[in-house]
Amino acid sequence: MLMKNRTAVLVTLAFVFIQTVAFAGPVEDCKEYSRLGIPGKQGELLCRKGFLLAHSAEHKTPLWVIEYLTADKVNGNLPRYDKFQPDPDLQEGARAELSDYRSSGYDRGHMAPSADMKWDQQAMVECFYLSNMVPQVGKGMNQGIWKDLEEYVRKWAMDRGALFIFTGPIYEGGIKKSIGKNKVAVPSHVYKIAYDPYKAEAIAFIMPNEKLDTADMPRYIVTIRDVELMTGLDFLSNMDVQVQEVIENKKAQGLW
């Protein structure tokens, strides 16, 4: 009982802390998404209406993307915008272009999905910038298990009220393959983390960037610490260290 009470106090303190942390610079405009901390120091920070990301000029992809998805946002009803375009805030040569993906055999895989952005037109438009994309296998991945995972996450946000979501590519062993004139890096894996700030629990996934079976989704559940080890990132860094350790090392026992 004493241990349970102690954990509850730590979780409460951690949530209060993330609510009151202050940021300076580009992140200041994206406090909604950065309250749990910035996962890494590499890349150019891009604050968007519906998400915050760090873009890599080397990879021409995001390194991580953060959303704060609420039940109200999920209930948005805007139509899909469907107009992919290079990010206007990034210089040519440091970004992906439409021509890089054309005839590449890979989908333009959203990291912050368009179906999460139906609550706001600007958020919808910005999620189609290529800075929010990675080259993703289409059938059985972007159009299959990954799409199904995104739908699960929206359901969980509805059921739980709100979730912090971290999504991005993994380049195991470095860049092994790229597409297009600008050499957009093809990830070996993709990850997604959903964190419930009210229950102080998380579920994380690492999936190889290949055709998979949706029925096998539970096989790809990992811990946040597993994602950190494969990416070099540090999630939930604004939390109390003891709470962070517990949450990041606990593996969800099946889908929520």
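All of the points below concern the structure found in this document. (Residues numbered from 1 in each chain as written. Predicted model: local features only at pLDDT ≥ 70, side-chain atom pairs only at ≥ 80, totals over all residues. Heavy atoms only, no water.)

## As for the overall build of the chain
Thinking step 1. What the chain contains, in helices and strands, is 8 helices and 11 strands.
Thinking step 2. The proportion of buried residues among the 256 residues of the chain is 55%.
Thinking step 3. Counting only carbon and sulfur atoms, one obtains 50% of the accessible surface of the chain, whose full area is about 11900 Å². (Helix = DSSP H or I, 4+ residues; strand = E, 2+ residues; numbered from the N terminus. Buried < 20%, exposed > 50% of the residue type's maximum accessible area, 1.4 Å probe, protein only. Areas by Shrake-Rupley, 256 points an atom, 1.4 Å probe, with all protein chains shown as cover.)

## Quick look at the packing of helix α7 (residues 224-231) against helix α8 (residues 241-248)
Thinking step 1. Contact geometry for α7 and α8: axes closest at 7 Å, N-to-C directions at 95°. Put simply, α7 runs roughly perpendicular to α8. Here α7 contributes Ile224, Arg225 and Glu228 to the contact with α8, which in turn contributes Gln244, Glu245, Ile247 and Glu248.
Thinking step 2. Considered class by class, the residues forming the contact of α7 with α8 number 2 nonpolar, 1 polar and 4 charged. (Axes fitted to C-alpha atoms, helices over the stretch in contact; angles between N-to-C directions. Parallel < 35°, antiparallel > 145°, perpendicular 65-115°, else oblique. Contact = heavy atoms within 4.5 Å. Nonpolar A, V, L, I, M, F, W, Y, C, P; charged D, E, K, R; others polar.)

## Remarks on the pairing of strand β1 (residues 44-47)
Thinking step 1. Relative to strand β2 (residues 52-56), β1 runs antiparallel, the two sharing 4 bridges. By the bridge assignment, cysteine 47 is partnered in β2 with leucine 52.
Thinking step 2. Counted between consecutive antiparallel strands, the loop separating β1 from β2 contains 4 residues. (Pairing = 2+ DSSP bridges.)

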